[in-house]
Amino acid sequence: MEKLFDNTEVAFALKSNSELDRAFYLFEMIKREPLVKIGTAVTKFAIKTHLPVEGIIRATVFDHFCGGVTEEDCMPTIDKMFSKNVHAVLDYSAEGKEVEEQFDLAMEKTLNTIKFGKEKESLPFAVFKPTGFGKFKLYQKITAGIYLDAHEMVEWKRVKERYNTVSKVAYEADIPLLIDAEETWMQTAADDLIEEMMKKYNTKKAIVFGTLQLYRWDRLDYLKKLHKRAKEQGFYVGMKLVRGAYMEKERERATKFGYKDPICIDKAATDKMYNDVLTYMIENIDDMAVFSGSHNEESSYLLMNLIEKHQLAKDDKRIWFGQLYGMSDHISYNLAKEGYNVAKYLPFGPVRDVMPYLIRRAEENTSVAGQTNRELELLKRERERRKI
Ligand SMILES: Cc1cc2nc3c(=O)[nH]c(=O)nc-3n(C[C@H](O)[C@H](O)[C@H](O)COP(=O)(O)OP(=O)(O)OC[C@H]3O[C@@H](n4cnc5c(N)ncnc54)[C@H](O)[C@@H]3O)c2cc1C
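Keep in mind that this is a model prediction, so the values were computed, not measured.

What follows is about unusual backbone geometry. Positioned with a positive phi, Asn85 is a non-glycine residue whose angle comes to about 70 degrees. The residue Asn85 is located in the loop between helix H5 (71-82) and strand S1 (87-92) in this model. Even without a glycine there, the phi angle at Ser328 is positive, about 50 degrees. Checked against the element boundaries, Ser328 lands in the loop between strand S7 (319-324) and helix H15 (329-337). Among the residues examined, Ser328 registers a relative accessible area of 0% and is labelled buried.

Below, the structure is given as C-alpha cells:
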C-alpha cells in the first residue's frame, strides 16, 4: 500500500521544473561529505576575509533553505505555502553577533512577527533562540552556577526583560511563541527563564513554548517534573520537540572535560526518547501543547496515530507538525493536505549572518544517518513522474 508521505506530486506541487532541478543538484552536492567540509571551510574563510561570495551562496543554499533577507522578501513564499495549507514560522536566523544592538534587533524581529501573525493566518507562531537575546557566556555562567559580576547582572536583567516583552506581547496577541534550544552547557539558564514565562503567561493555554532536545537522555524526566510543577502552580506546558542539532559538539565537549555525555547512547535511543516524550505529551494533552519539529517519518506517523487513538481532531490547535523550509516537503504537504496543522520554519536574514544556520543544515544533510538520500530519491521520483 502506498504510504501517505510517498506522494511526490503533492510534496512538490509548488516547485517548478527548474526549482526541482536546483534542489536535486544541491542535495547531490551536499551529500558528499568532503565537499561540504571543503565548502564550509572555504565559505568561512571567504566570509571572514570579505570575499564576494554572497551571490553564489544566494543562488544555491540560501535560496533553497531561506525565504529572503527581509520579512517582506518572504511574503510571496509564505502565501504560496499557505495556498496548500502549510503555515510558516518566520525565523530571523542571524547568528554570532554578541552585542546589545543585535539582541534588541532580534527582539524587534520577533515582535514584528507577532504583529504579522495577528494579521495573517499563515503565520501562527513567533520564534527566537536564547542566544539571539543575550550573550552565550551569561547563560553558560548561570547554568554552571557561577555568580555574575555587577555588569553582567545588568546585562542579564536586560535579557530577562526581552523575554518578558515578547512573551507579554505574544500573550496579548494570542500568538504562541516558540523558544529554541541550544547547547546543554547554556540551556538550563534558558529553561528556567522560559519556565518563569510559562508560569506568567500560560495561565489559560500554552503561549510560551520551550524546546526539548530529545537526543538528551534526561529530557523525559525533566518534562515529567515540569508537568508536576505546572499542575501544582496552575500553568500549561508548551513544548517544541526536536532531536537536536549539536550532537558532535556535545560529545566532543563531554570527552574534553570528562563529564558524562548528555546525549543518548545511539540513534535508536534518541528515537525512543522522541517517541516516548511525544506519547507522554499527547496522553497529557489537556495540560499541554506540542509542536513536533521533525523530519522523521516514523515519528510523524506516530503522532498521526496518537491523534487518532485519543480521538483528537486533526487540526486540534494544541498539536502541530513542524519542518524546516527546504526539507521534507513530502511530510509537510501531505500532512497539510490531510488537514493536520503544519508549519515550516522559514529562516531569513542577511546572507552572511545566516551562514551558521546554513552550515548546520549542510552538515545535518551530509551525515550517513541524515536525510539526503531520501530527499534525492523523492526528487528523482518526481522528476521521472514529470518526465524532466
Ligand atoms: C521545526 C524545527 C525546529 C527546530 N528547532 C531546533 C532547536 O530549537 N534546537 C535544536 O537543537 N535543533 C532544532 N531543530 C533541528 C533538529 O534538531 C534537527 O533537524 C533534527 O535533529 C533532525 O532530526 P529528525 O527528527 O528530523 O530525524 P532524524 O533524521 O531521524 O534524526 C537525526 C537526529 O538524530 C540524532 N542522532 C543521530 N545519530 C545519533 C546517534 N548516534 N546517537 C544519538 N542521537 C543521534 C541527532 O539529533 C540527529 O540530528 C529543529 C528542527 C525543526 C524541524
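Still more to cover.
In this section: H15. Counting buried positions along H15 gives eight out of nine residues, so the element sits mostly inside the fold. All buried positions along H15 are accounted for by Asp329, His330, Ile331, Ser332, Tyr333, Asn334, Leu335 and Ala336. Gly339 sits one or two residues past H15 and shows a positive phi near 100 degrees.

With 14 residues, helix H17 (residues 372-385) extends 20 Å between its outermost C-alpha atoms, agreeing within 8% with the 20 Å of an ideal straight helix rising 1.5 Å per residue. Listing the buried residues of H17 in full gives Thr372, Glu375, Leu376, Leu378, Leu379, Glu382 and Arg383. An end-on view of H17 places all buried positions within 165 degrees of arc, on one side of the element. If you follow the buried residues of H17, they end up packed against helix H1 (8-11), helix H2 (17-30), H15 and helix H16 (355-366).

Turning our eyes to something else, we now look at the site of the ligand. By nearness alone, 29 residues border the ligand, and Gly244, Thr270, Ser294, His295 and Gln371 come closest of all. Here an oxygen atom of the ligand and a side-chain polar atom of Asp180 are 3.4 Å apart. The contact in question runs from an oxygen atom of the ligand to an N or O atom on the backbone of Ala245, over 3.0 Å. Here the ligand, which alone exposes 960 Å², has 89% of that area covered by the protein. Of all elements in the fold, only strand S4 (208-213), strand S5 (237-242), helix H12 (247-257), helix H13 (267-283), strand S6 (288-293), S7 and H16 reach the threshold of two or more residues within the shell around the ligand. Counting residues per element, the shell around the ligand draws most heavily on S7, at three residues.

About the cut-offs
- Residues numbered from 1 in each chain as written.
- Predicted model: local features only at pLDDT ≥ 70, side-chain atom pairs only at ≥ 80, totals over all residues.
- Heavy atoms only, no water.
- Helix = DSSP H or I, 4+ residues; strand = E, 2+ residues; numbered from the N terminus.
- Buried < 20%, exposed > 50% of the residue type's maximum accessible area, 1.4 Å probe, protein only.
- Expected span 1.5 Å × (residues − 1).
- Arc of directions from axis to C-beta.
- Contact = heavy atoms within 4.5 Å.
- Near = heavy atom within 4 Å.
- Polar contact = N/O pair within 3.5 Å; in protein donor to acceptor, adjacent residues only side chain to side chain.
- Areas by Shrake-Rupley, 256 points an atom, 1.4 Å probe, with all protein chains shown as cover.

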